[in-house]
Amino acid sequence: MTARIIDGKAVAAALRAKLARQVATLPFRPGLAVVLVGDDPASAIYVRAKDRAANAVGIAARTVRLPADTSEEALITHIARLNADPSMDGILVQLPLPPQIASQAVVEAVDPDKDVDGFHPLNIGRLASGYPCLVPCTPTGVMKLLAEAGVALEGAHALVIGRSTIVGRPMGMLLLAGHATVTVVHTRTRDLAAECRRADIIVAAAGRPQLVRGDWIAPGATVIDVGVNRLPDGRLVGDVAFAEAVEIAGAITPVPGGAGPMTIACLLENTVTAALRRRSSG
Ligand code: GUN
């Protein structure tokens, strides 16, 4: 049997349309600052996409471009200015940063109430505690795809592959909050294939092209592929061997067009959430 394809592009488009309708009813335009340091080509593409998508739903997005040799102190001064700017509801600093800048210091410099990436330790701590907070965008997008696909979380064995602060760790916390039994695996896990075979839900976020093979997947399992990897021949592939997995899984996301489009849509949602919270708390 062939798996059902979970269409992240369509789910993301529906979320963006809903946000555009919501923003149109507001008496103000939510503001978003996207900070890009240096000229990493992949980061430049992501930042342009975020800026465009935000403006398309009515968010006033502004990209702050800083040279690659910007000091940590200068970047933190920029962030302090954005923190103090009442027209800015969300602040996002695109990662990775150049080597002279410690990303921890930068992440901690962003006002937690404007932290639309959900990377600030206060927001991560709130998430771990089960308190309301701004939640990282990619894991939030994965949860929406699982809901859209009608996947029951309660009691399910969910496997997260990868332990990054951007995806793996918050993903595990969200699945746990949804009452799944969660396992997080990583590069030092002894038998990855065996862990996969036990899973009802696999979220692959390892950054390793086609790591998860078809025969690692339990028949009927749900597979969400967060990986985006460029092969030497130029092809874009995920962390899952899609052609094999699609024959075994019950439902699966493609790459591209699966989890990817959800990340930006959830960033826009976080920006609207931050704007409403800030303006209602005065
Ligand atoms: N770099 C890779 N993913 C992300 C993300 O979600 N947010 C930011 N700020 N940088 C990233």
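Just so you know, these numbers come straight off a predicted model, no measurement behind them.

Some words on the site of the ligand
As a structural note, the neighbourhood of the ligand is formed by K50, L92, V93, Q94, L95, D117 and F119. Between L95 and the ligand, the recorded distance is 2.9 Å, taken from a backbone N or O atom to a nitrogen atom. Its residues assigned to classes, the shell around the ligand comprises four nonpolar, one polar and two charged.

Focus: helix 2 (residues 41–56)
Its 16 residues give helix 2 an end-to-end C-alpha distance of 23 Å, which sits within 8% of 22 Å, the value for a rise of 1.5 Å per residue. All of the buried residues along helix 2 are S43, A44, V47, K50, D51, A53 and A54. Residues of helix 2 that are buried sit in contact with strand 2 (31–37), strand 3 (60–66), strand 4 (90–93) and helix 10 (259–280). With its phi angle positive at about 100°, G58 sits one or two positions after the end of helix 2.

A few points about the sheet that holds strand 2
The strand order across the open sheet built from three strands is 3-2-4, with neighbouring strands paired in parallel fashion. At either margin of the open sheet sits one strand with a lone partner, and together these are strand 3 and strand 4. The sheet shows a mean angle of 15° between the axes of neighbouring strands, taken without regard to direction. Bridging between strand 2 and strand 3 involves seven bridges; their strand directions are parallel. When the sheet's bridge partners are listed, G31 is paired in strand 3 with A60. Together, strand 2, strand 3 and strand 4 form the strand contacts of helix 2, whose direction differs from that of strand 3 by roughly 160°.

Quick word on the packing of helix 6 (residues 137–148) against helix 10
Close contact between helix 6 and helix 10 brings their axes to 8 Å; oriented N to C, the two are set at 110°. Considered as vectors, helix 6 and helix 10 are oriented roughly perpendicular to each other. Judged by the sense of rotation from one axis to the other, the crossing of helix 6 with helix 10 is right-handed. Residues C137, T138, T140, G141, K144 and L145 of helix 6 form the contact with helix 10, whose participating residues are A259, M262, T263, C266, L267, E269 and N270. Among the residues forming the contact of helix 6 with helix 10, the class breakdown is six nonpolar, five polar and two charged.

Parameters and conventions
- Residues numbered from 1 in each chain as written.
- Predicted model: local features only at pLDDT ≥ 70, side-chain atom pairs only at ≥ 80, totals over all residues.
- Heavy atoms only, no water.
- Near = heavy atom within 4 Å.
- Polar contact = N/O pair within 3.5 Å; in protein donor to acceptor, adjacent residues only side chain to side chain.
- Nonpolar A, V, L, I, M, F, W, Y, C, P; charged D, E, K, R; others polar.
- Helix = DSSP H or I, 4+ residues; strand = E, 2+ residues; numbered from the N terminus.
- Expected span 1.5 Å × (residues − 1).
- Buried < 20%, exposed > 50% of the residue type's maximum accessible area, 1.4 Å probe, protein only.
- Contact = heavy atoms within 4.5 Å.
- Pairing = 2+ DSSP bridges.
- Axes fitted to C-alpha atoms, helices over the stretch in contact; angles between N-to-C directions.
- Parallel < 35°, antiparallel > 145°, perpendicular 65-115°, else oblique.
- Left-handed = near helix turned anticlockwise from the far one by under 90°.

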